[in-house]
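Working through the structure, step by step
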Amino acid sequence: MINFLKYTKLYAFISILVISVGMTSLFMYGPKLSIDFTGGAILDYSFNKPVSEGEVVNILVKNSLSIVDESRQSPTRILIRTKLISDEKEALVRKDLEKKLGVKIKLLRFETVGPTLGVEVMRKTLAASFVAIIGILLYLTFAFKRMNYGVAAVVAMFHDFLVVVGCYSIISHFFGAEMDTLFVTALLTTLSFSVHDTIVVFDKIREHEKYSSLPLTIMANKAFTETVVRSVNNSLTIILMLVPLMIFGGSSIRFFAVALLIGTITGMYSSPFVATPFLVFLESRRKVK
Amino acid sequence: MKNLRFIILLFFLLALVIAIDLPENVPLKINYGPIKVTTHINPLSIHFSLGKIAINKDFKTHLGLDLKGGSHLVFEADMADIKKADRNDALESARDIIDRRVNFFGVSEPSVQTLKSENNYRIIVDLPGNEDISQAIALIGQTARLEFTEELPPDTKFATGTPDFMKVTKKTGLTGKHIKRSTIQYDDTGKPAVGLEFNTEGTKLFAALTQRSVGHKIGIFIDGYPITSPPVVETPILDGQGIITGQFTIDEAKKLSVAINSGALPVSINLIEQRNIGPTLGAEHIRKSMIAGIIGLLGVVAFMVLYYGRLGIIAVCALIIYGLINFALFRTIPVTLTLPGIAGFILSIGMAVDSNILIFERIKEERRKGNDLKSAINVGFGRAIHAIKDANFTTLLVAFVLFNPLNWSFFPQFGLIRGFALTLGIGVLTSLFTGVFITRRLIDMFYRGK
């Protein structure tokens with residue numbers, strides 16, 4: 001049996017460190033929302049020969065486009081995010097670019113989202129996330145019939161939420177990932193995965209409680225020892241599926257895979273290292289009273 | 001005996017699933033001595049009729065616009081001028097008109113849907129493979145040329161036998177853009193007729209036209225073709241409500257009404273969202289996610305076999321069956337595969353593997369406790385399934401909320417998230433099925449301890 005509960009303080013330190021770094025980044029740089037939520041346009045151009053990013057931007061600005069962000073995907077591919085423009089405008093700008101730079105442009109992607117739609121998408125996404133979280137809470141209370149189990153699982157879930165949002169904010173700042181509807185999807189999947197993992201550990205503790213009257217700490221250590229292999233193996237297979245998706249997945253799916261990856265790792269970590277110590281803590285307080 | 005029945009059942013299931021999963025249009029040439037076969041491999045397609053029920057089903061992969069390339073356009077209807085009770089009708093008829101226009105593009109499988117979201121009325125147009133965005137948007141928003149004409153001056157000479165409609169070709173300036181909408185009505189004798197409702201400017205023009213044309217004929221043309229023999233104006237119509245009577249059947253009246261409506265969308269529409277993916281990017285997405293999926297799967301297979309040995313091989317078999325069933329379901333339902341949809345599928349593979357790991361670890365644990373193989377499998381399996389069901393429930397719950405099956409307008413109704421939720425949900429359900437019915441039997445049959 002591994003006495004993993006001996007290092008509770010270390011786990012708390014790691015969690016607080018990761019979360020505070022992430023939250024600092026979120027508050028310093030602000031969330032980087034995609035056009036799904038803010039409205040605007042995305043132009044994804046592929047050129048038949050290498051072009052300079054600066055020149056492209058210059059020509060776009062001269063065409064009175066207000067550029068929000070631009071990034072070079074490769075020497076011949078540039079992704080530009082602007083305020084809302086019409087398709088006619090886009091066609092004009094593209095012609096102008098072709099003329100002035102003497103290149104041929106292939107339009108890989110052109111997306112626009114109206115500003116009111118963005119606000120609506122944001123509101124609905126929040127509503128869905130809220131209902132999903134409430135559903136998970138209700139289910140936990142129902143599944144464990146004991147408040148402390150449910151509370152501990154929710155604390156772990158909240159921990160994972162903060163870790164994913166915080167880490168993603170850092171990646172946003174340094175690698176240009178945006179918070180879009182896919183990110184929210186990844187976040188919700190993480191939450192369900194986190195609870196999934198916690199249930200497996202708690203299920204074990206509950207099983208031991210039925211057959212013995214040992215202190216909870218010992219039973220928790222036992223449950224950890226018995227589930228750790230499964231937990232790591234499980235996460236490993238999901239990671240094995242996600243890493244190639246991250247490397248080969250192409251621009252729009254890459255950061256989705258990254259968000260899921262962070263979620264999988266923190267989901268695996270939080271079950272034994274956050275949920276279980278917290279449960280032991282809650283139960284010990286109950287006994288003292 | 002029980003195993004034999006299972007093997008037969010599994011065989012039929014696999015045969016069906018593989019028939020559905022076959023690749024599309026792969027040429028096959030066999031040239032072996034006297035046997036010569038030249039054909040194309042295609043997935044199963046069922047065409048038969050049983051009495052009145054005709055079943056036509058092609059099992060093909062439906063790819064979303066992000067993978068196939070094309071345009072996704074969302075229009076919002078401006079309903080400010082339209083009575084609450086009429087809004088749904090207006091939206092539906094706008095949808096029908098756009099549907100007819102979209103069919104002219106010649107893209108395969110265009111789709112035009114309405115979406116009511118809170119107080120917003122929207123029309124979503126998907127044009128797979130479309131590359132000319134500006135033209136598509138212009139065509140959808142255009143107005144077909146509906147014209148009202150009046151009789152040419154009385155001194156005009158006509159050849160004998162000139163049909164009536166040739167005599168009423170004087171332009172009046174009243175066109176389709178002056179029509180608010182057209183409905184089917186019934187005249188005083190109960191015969192179907194086509195009602196017209198003009199907008200403010202149209203009402204004025206129509207009033208002037210009918211005032212000066214009492215006792216004369218007026219012509220109604222769509223793109224230069226008369227839609228009825230020119231009716232005679234009996235009384236001036238001042239309230240902007242016209243009615244075209246004639247020897248119409250219900251069907252004809254309906255067609256006419258639609259034709260007039262297609263001259264004018266009943267509501268004005270604004271483009272609020274467009275997503276255009278070029279075909280090269282779509283093809284690149286498919287290629288990349290295929291590579292990612294294959295590498296990921298190989299990694300998982302290698303890991304399972306190395307770590308779990310014979311159990312791992314059983315798990316890989318179960319996993320292949322799982323993948324085949326899942327893909328067959330995608331083709332049967334059919335699920336439109338998008339990039340997030342593929343991600344959901346890949347994630348569900350990870351979760352299916354998890355079910356197997358849970359089962360194996362439990363069985364190993366029961367073995368360590370000193371149980372014999374049979375009871376270890378029994379007890380371990382039972383306990384694992386319990387945990388699997390519990391744990392998968394939350395995933396299903398999240399998938400349910402994200403998929404929003406009842407189309408509640410306070411939840412997301414967007415295609416991409418739905419695609420993810422759908423494939424994830426189907427994946428989890430399939431993994432419960434394969435976990436309970438297939439992995440179990442495979443373990444019973446092939447696992448002998450070490």
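Note that this is a predicted model, so its numbers are computed, not measured.

Considerations on the overall build of chain A
- Helices and strands together make up the secondary structure of chain A, namely nine helices and four strands.
- When the elements of chain A are put in sequence order from the N terminus, they spell out α-α-β-α-β-β-α-β-α-α-α-α-α.
- Against the globule reference of 19 Å for 289 residues, chain A gives a C-alpha radius of gyration of 24 Å, more extended than a compact globule.
- Structurally, chain A occupies a C-alpha span of about 80 × 35 × 30 Å along its principal axes.
- Within chain A, the fraction of its 289 residues that count as buried is 56%.
- Of the roughly 12500 Å² of accessible surface on chain A, a fraction of 69% belongs to carbon and sulfur atoms.
- Mean positive and mean negative side-chain charge positions of chain A (31 and 22 charges, respectively) differ by 5 Å.

Some remarks on the UniProt feature "transmembrane region" (unreviewed entry) in chain A
All names here are of chain A.
- The UniProt entry lists residues 12-30, 126-144, 151-175, 181-202, 232-249 and 255-282 under the feature "transmembrane region" (unreviewed entry), expressed in the numbering used here.
- For residues 126-144, the helix share is 100%, the strand share is 0%, and the end-to-end C-alpha distance is 27 Å.
- Taken end to end, residues 232-249 is 94% helix and 0% strand, and its first and last C-alpha atoms sit 24 Å apart.

Examining a nonpolar patch on the surface
Residue and element names in this part refer to chain A.
- Where nonpolar side chains cluster on the molecular surface, the patch consists of Tyr-7, Leu-10, Phe-13, Ile-14, Leu-17, Val-18 and Val-21 and spans about 620 Å² of accessible area.
- With respect to the helices and strands, Val-21 occurs in helix α1 (residues 8-29).
- You can call Val-21 partly exposed: its relative accessible area is 45%.

With respect to the nonpolar core
- One finds Phe202(A), Ile205(A), Met304(B) and Ile443(B) to be the most contacted residues of the largest nonpolar core, which totals 121 residues.
- In terms of residue count, the dominant contributor to this core is helix α9 (residues 339-368) of chain B (15 residues).
- Sequence-distant contacts of Ile443(B), that is, excluding residues within four places in its chain, are made with Leu311(B), Ile314(B), Ile359(B), Phe360(B), Ile363(B) and Ile377(B).
- Core analysis: the next-biggest nonpolar cluster, separate from the first, contains 40 residues, Leu60(A), Val93(A), Ile98(B) and Tyr121(B) among them.

Some remarks on the interface of chain B and chain A
- The partner chain A presents 63 residues to the 67 residues of chain B that form the contact.
- Buried surface at the junction of chain B and chain A, both sides included, amounts to about 5700 Å², of which 66% is carbon and sulfur.
- The closest approach of N and O atoms between Arg362(B) and Glu207(A), which form a salt bridge, is 3.2 Å.
- Counting the contacts that link chain B with chain A gives 12 residue pairs in polar contact (both at pLDDT 80 or more).
- Breaking the side of chain B that touches chain A down by element, the ones donating at least two residues are β8 (120-128), α4 (133-141), β16 (268-277), α7 (279-308), α9, α10 (373-403) and α11 (415-446) of chain B.
- Tallied by class, residues from the side of chain B that touches chain A come to 37 nonpolar, 18 polar and 12 charged.
- Of the pairings in the sheet, the one linking strand β4 (residues 105-113) of chain A to β16(B) comprises five bridges and is antiparallel in character. Looking across to β16(B), one finds that Phe110(A) is bridged to Asn276(B).

Points about the pattern of salt bridges
- Using the criterion set out here, one finds 27 salt bridges over all chains in the structure.
- Measuring nitrogen to oxygen at the nearest pair gives 3.7 Å for the salt bridge that ties Lys32(A) to Asp69(A). One end of the pair, Lys32(A), is in the loop between α1 and α2 (35-38); the other, Asp69(A), is in strand β2 (residues 67-74), with 37 residues separating them in the sequence.
- Residues joined by salt bridges that share partners form a network here, namely Asp36(A), Asp44(A), Arg77(A), Arg109(A), Glu111(A), Glu273(B), Arg275(B), Glu284(B) and Lys288(B).

The rules behind each value
Residues numbered from 1 in each chain as written. Chains lettered and ligands numbered in written order. Predicted model: local features only at pLDDT ≥ 70, side-chain atom pairs only at ≥ 80, totals over all residues. Heavy atoms only, no water. Helix = DSSP H or I, 4+ residues; strand = E, 2+ residues; numbered from the N terminus. Rg over C-alpha atoms; globule rule 2.2 N^0.38 Å. Buried < 20%, exposed > 50% of the residue type's maximum accessible area, 1.4 Å probe, protein only. Areas by Shrake-Rupley, 256 points an atom, 1.4 Å probe, with all protein chains shown as cover. Lys, Arg positive; Asp, Glu negative; His and termini not counted. Charge placed at Lys NZ, Arg CZ, Asp CG, Glu CD. UniProt positions renumbered as here; feature names shortened; annotations may be inferred. Patch = residues over 30% accessible without salt bridge, like charges linked within 9 Å, V, L, I, M, F, W, Y side chains within 5 Å. Salt bridge = Lys/Arg side-chain N within 4 Å of Asp/Glu carboxyl O. Core = buried A, V, L, I, M, F, W, Y, C linked by side-chain atoms within 4.5 Å. Contact = heavy atoms within 4.5 Å. Buried area = accessible area lost by both parts, 1.4 Å probe. Polar contact = N/O pair within 3.5 Å; in protein donor to acceptor, adjacent residues only side chain to side chain. Nonpolar A, V, L, I, M, F, W, Y, C, P; charged D, E, K, R; others polar. Pairing = 2+ DSSP bridges.

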